[in-house]
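# Structural overview
Now for the letters of each chain:
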Amino acid sequence: MKAAKIIEMWGRASRQVPLTSDDDIVQMFANEIAKLSYKLTEEELFRLIAVGALVYQRGFREFDGNVMADLLIRTLREGGRA
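To keep things clear, this report deals only with the structure shown in the data block. Not measured: the values here are computed from a predicted model.

Secondary structure summary: the chain contains three helices and zero strands in total. In the chain, the succession of α and β elements from N to C terminus is α-α-α. Going through the 82 residues of the chain one by one, you find that 2% of them count as buried. In the structure as shown, the chain presents an accessible area of about 7,600 Å², 62% of it carried by carbon and sulfur atoms.

Below you can see the structure in the form of structure tokens.
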């Protein structure tokens, strides 16, 4: 399957999945990788895990940044000092 098709399927799936916690997502991803792991070389498995880790790190940074920005805005609106 080509990457473009996978990205298209990813877009469709993302509109259908329920909201989950970061820990839930990591566990689901690990479960899916475990099902495929016997078909992959150690190098292929490592690359897949590394990409998952990059996605997780990016999401964590963006989520954490948004939480801090929201807190700052709320504090300023309520008359507090940042």
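Below, the discussion takes up a nonpolar patch on the surface. Together, Met1, Ile6, Met9 and Trp10 give the surface a local cluster of nonpolar side chains, amounting to about 480 Å² of exposed area. Relative to the elements of secondary structure, Trp10 occurs in helix α1 (residues 3-14).

Attention shifts here to the pattern of salt bridges. Opposite charge on two side chains makes pairing possible when the charged atoms of those side chains draw close. Taken as a whole, this structure holds four salt bridges when the rule is applied. Taking the shortest distance from any N to any O, the salt bridge between Lys5 and Glu8 comes out at 3.3 Å. On the criterion of helical spacing, the pair formed by Lys5 and Glu8 is a turn pair, its members being three residues apart in helix α1. Given a relative accessible area of 39%, Lys5 falls into the partly exposed group. The partly exposed category is assigned to Glu8, whose relative accessible area is 34%. Note that Arg12 and Glu8 form a salt bridge whose closest N and O atoms lie 3.1 Å from each other. In this pair, Arg12 and Glu8 both sit in helix α1, four residues apart, roughly one turn of the helix. Taking relative accessible area as the criterion, Arg12 reaches 38% and is therefore assigned partly exposed. Salt bridges sharing common partners tie together Lys5, Glu8 and Arg12.

Rules and cut-offs
Residues numbered from 1 in each chain as written. Predicted model: local features only at pLDDT ≥ 70, side-chain atom pairs only at ≥ 80, totals over all residues. Heavy atoms only, no water. Helix = DSSP H or I, 4+ residues; strand = E, 2+ residues; numbered from the N terminus. Buried < 20%, exposed > 50% of the residue type's maximum accessible area, 1.4 Å probe, protein only. Areas by Shrake-Rupley, 256 points an atom, 1.4 Å probe, with all protein chains shown as cover. Patch = residues over 30% accessible without salt bridge, like charges linked within 9 Å, V, L, I, M, F, W, Y side chains within 5 Å. Salt bridge = Lys/Arg side-chain N within 4 Å of Asp/Glu carboxyl O.

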